[in-house]
Every structure is written in C-alpha cells, then in structure tokens.
Amino acid sequence: SKLPELRESALKALADRTTQNNNVPTEPFVAALDDSMKRVRLQAVIGLSRIGKANVADKLVARLLDTDPLVVHATVKALVDLRASAAVFAAIDPTKPELAARGGLVLQTLHEKAVVDGVLAKLEQVKDSGGPPELRGKVDAQRRPFLTTLARLHTREADWDGKWWTTRPDTSGPYYKPETWSESDRIAAVLRAELLKANKTEQRWLLTELRRHKVTLPEAAELILHLAADDAALRPAALDVIASR
C-alpha cells in the first residue's frame with residue numbers, strides 16, 4: 001500500500017472481502033485519504049466503509065469537500081453505512097454552506113430522532129439577524145442546507161411488503177413509497193413556521209424544496225397560488241396544486 005504503482009490495487013485488495021475484514025488495519029486507508037491521486041483516495045474511502053469501523057468517521061468527513069465527485073459520492077455512502085451522524089455534526093459549520101450541504105446528503109438518509117435534533121440545533125445557530133438585506137441574505141444561505149435536510153427527512157421509504165411493486169406506487173422520487181415516521185409531525189411544524197415567517201425570496205426557494213421533496217402543507221399550496229401570479233417559475237407548481245384539488 002506504500003508503493004506508488006501498487007497502492008490503489010493494494011487498498012482495494014485489502015478490504016475486498018467484508019467477511020475477512022476483522023483484522024484489516026485502518027491506518028493505510030486513513031493515510032491514503034490525502035493521497036495526491038484521486039483513484040487512491042477513492043479506494044481509501046471505499047475500504048474504510050467496507051472495514052466498517054465507525055471510529056474513523058471523523059477522518060472521512062474531510063473528503064466531503066474532495067475535488068473529485070466520485071470521491072465525494074463514495075464518502076457520503078461510507079458515512080451513511082457507518083451511521084456517522086455525530087462525526088458529520090461535529091464537522092459541519094453553518095458558515096460553510098458547501099460542507100453543510102454535502103453533510104446534509106449524509107444526514108438526510110438517516111431517519112433517526114438524534115439526527116433531527118441535531119439538524120434543528122444547527123438551524124437554531126443561524127437565526128435571522130434582522131439586520132440589513134445583505135446580511136439577511138447571507139444568513140438565509142446558511143440556513144438552506146438544514147431546511148433541505150429537514151424536507152428530505154419528513155418522510156421515509158416504506159418497508160417492502162414482500163410483493164412486487166412494478167412501476168407503482170411512484171418512480172418520480174425521492175422515495176418510491178413514502179411514509180411518515182415518528183418525527184414527521186415535528187419536522188412539518190418547523191417547515192411550516194419557516195415558510196410563514198420567510199421573506200418572499202426565501203418563500204419561493206422553500207416552496208420549491210417542499211415540492212421537490214413532496215412535503216404537503218396547506219399553507220404551501222396557498223402561497224404557491226399567490227406567488228405564481230408574479231413568478232413564472234412557480235406556475236407549474238400552481239397547476240399541480242389546482243389539479244390535485
């Protein structure tokens with residue numbers, strides 16, 4: 001794993017069989033996370049996921065900002081597999097929206113009360129300053145990744161009932177068969193409050209996110225119909241609202 005011409009293949013071979021990974025050391029993989037070659041970094045991330053030791057999750061989080069999209073994707077998957085929400089919360093900073101957004105890709109997949117608590121705590125850190133518009137816009141940008149994560153967490157994928165679903169219930173996403181869970185009501189209450197207190201710019205953005213994640217709020221339907229009069233981008237959503245009624 002230290003030979004330049006072999007390190008990618010060596011890392012891949014080391015973690016290849018998950019049934020034989022109990023004694024595989026994590027040190028070569030952690031060291032390779034900062035390798036200059038993106039293919040080596042990719043194998044390092046995948047290997048740590050396959051070894052399955054959550055104590056290395058804090059080392060993985062830095063790869064969420066990797067310059068290679070495949071490494072970022074593998075890192076998100078690895079952190080989900082390790083259920084490493086604590087490491088993600090420790091690393092993400094509201095003043096760094098890109099890291100918060102990529103951390104949200106991990107958190108939105110973990111339907112746990114502790115994750116919802118953590119997202120709400122991060123959202124609380126970035127309150128509306130009530131200051132000048134330029135500062136308000138900066139604060140809004142910092143809040144968006146956490147609101148998107150909440151919208152995705154509002155429902156979860158239903159457990160498969162053992163029957164073949166063919167093309168139904170729904171292939172349009174984000175879930176094939178969405179269902180509410182224990183935290184859905186609390187999440188809906190927060191999103192409703194955020195929607196009603198937001199300015200028009202943020203209302204347009206949040207309405208788009210709610211529609212994208214199929215979060216249905218009565219207040220959202222009314223706002224879409226109202227705002228669509230002046231915003232052509234919202235008119236398809238307004239048509240959906242009318243058709244659904």
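Keep in mind the model is a prediction, meaning the values are calculated, not measured.

For the rest of this paragraph, the subject is the overall build of the protein chain. Assigned secondary structure in the protein chain consists of 13 helices and two strands. Expressed as lengths along the three principal axes of its C-alpha atoms, the size of the protein chain is roughly 65 × 55 × 30 Å. Contacts in the protein chain between residues at least 24 apart in sequence constitute 60% of all its contacts with a sequence separation of at least 6. For the protein chain, the accessible surface area stands at approximately 13,500 Å², while carbon and sulfur atoms represent 55% of it. Of note, the protein chain has its 37 positive side-chain charges centred 2 Å away from the centre of its 33 negative side-chain charges.

For the structure on display, the rule yields zero aromatic pairs. Sitting above the plane of the Tyr175 ring, Arg152 keeps its charged end 5.5 Å from the centroid.

The end-to-end C-alpha separation of helix 10 (residues 184-197) is 20 Å, in line with the 20 Å expected for 14 residues at 1.5 Å each. Where helix 10 is concerned, the buried positions are Ser184, Ile187, Ala188, Leu191, Glu194 and Leu195. Viewed along the axis of helix 10, the buried residues span an arc of 130°, placing them on a single side of the element. Among the exposed residues of helix 10, those oriented more than 90 degrees off its buried face are Asp185, Leu196 and Lys197.

Another aspect to go through is the confidence of the model for the protein chain. Any residue range with low pLDDT should be treated as having predicted coordinates unsuitable for detailed reading. The pLDDT averaged across the protein chain works out to 89; a share of 95% of its residues lies at or above 70. Confidence scores differ between elements of the protein chain, with helix 13 (residues 235-244) showing the lowest mean pLDDT of 80 and helix 5 (residues 69-81) the highest of 98.

Moving on, we come to the nonpolar core. Core analysis: the biggest nonpolar cluster contains 64 residues, and Leu60, Leu79, Val106, Leu191 and Leu210 have the highest contact counts within it. If we ignore the near neighbours within four places in the chain, the residues touching Leu79 are Ala57, Leu60, Val61, Leu64, Ala84, Val88 and Val106.

This brings us to the layout of surface pockets. What the largest pocket holds in volume is close to 360 Å³. Lining the largest pocket are 16 residues, with Arg211, Val215, Thr216, Asp240 and Val241 positioned closest to its centre. Counting only elements with at least two residues in the lining of the largest pocket, the list comes to helix 11 (200-212), helix 12 (218-227) and helix 13. Looking at the lining of the largest pocket residue by residue, the class counts come to ten nonpolar, two polar and four charged.

Once that is clear, we can look at the pattern of salt bridges. Applying the stated rule across the entire model yields 22 salt bridges. In this structure, the salt-bridge partner of Arg63 is Asp66, at a minimum N-O distance of 2.5 Å. Asp66 shares its class with Arg63; the two are buried. Two residues, Lys77 and Asp81, come together in a salt bridge whose shortest N-O distance is 2.9 Å. Of this pair, Lys77 and Asp81 both sit in helix 5, separated by four residues, roughly a single helical turn. You can call Asp81 partly exposed: its relative accessible area is 40%. The network of salt bridges with shared partners includes Asp34, Arg41, Arg63 and Asp66.

Here we take up the side chain of Gln43. With respect to the helices and strands, the residue Gln43 is situated in helix 3 (residues 38-51). On the accessibility criterion, Gln43 (12% relative accessible area) is buried. With near-sequence residues (within four places) excluded, Gln43 lies in contact with Glu8, Leu11, Lys12 and Phe29.

So, how was this worked out
Residues numbered from 1 in each chain as written. Predicted model: local features only at pLDDT ≥ 70, side-chain atom pairs only at ≥ 80, totals over all residues. Heavy atoms only, no water. Helix = DSSP H or I, 4+ residues; strand = E, 2+ residues; numbered from the N terminus. Contact = heavy atoms within 4.5 Å. Areas by Shrake-Rupley, 256 points an atom, 1.4 Å probe, with all protein chains shown as cover. Lys, Arg positive; Asp, Glu negative; His and termini not counted. Charge placed at Lys NZ, Arg CZ, Asp CG, Glu CD. Phe/Tyr/Trp six-rings, centres within 6.5 Å; stacked < 30°, edge-to-face > 60°. Lys NZ or Arg CZ within 6 Å of the ring centre and 35° of its normal. Expected span 1.5 Å × (residues − 1). Buried < 20%, exposed > 50% of the residue type's maximum accessible area, 1.4 Å probe, protein only. Arc of directions from axis to C-beta. pLDDT = per-residue confidence, 0-100. Core = buried A, V, L, I, M, F, W, Y, C linked by side-chain atoms within 4.5 Å. 1 Å grid on protein atoms, 1.4 Å probe; cavity = no way out; pocket = protein on both sides within 12 Å on 5 of 7 lines; lining within 4 Å. Points joined across faces, edges and corners; volume = space filled by probe spheres on them. Nonpolar A, V, L, I, M, F, W, Y, C, P; charged D, E, K, R; others polar. Salt bridge = Lys/Arg side-chain N within 4 Å of Asp/Glu carboxyl O.

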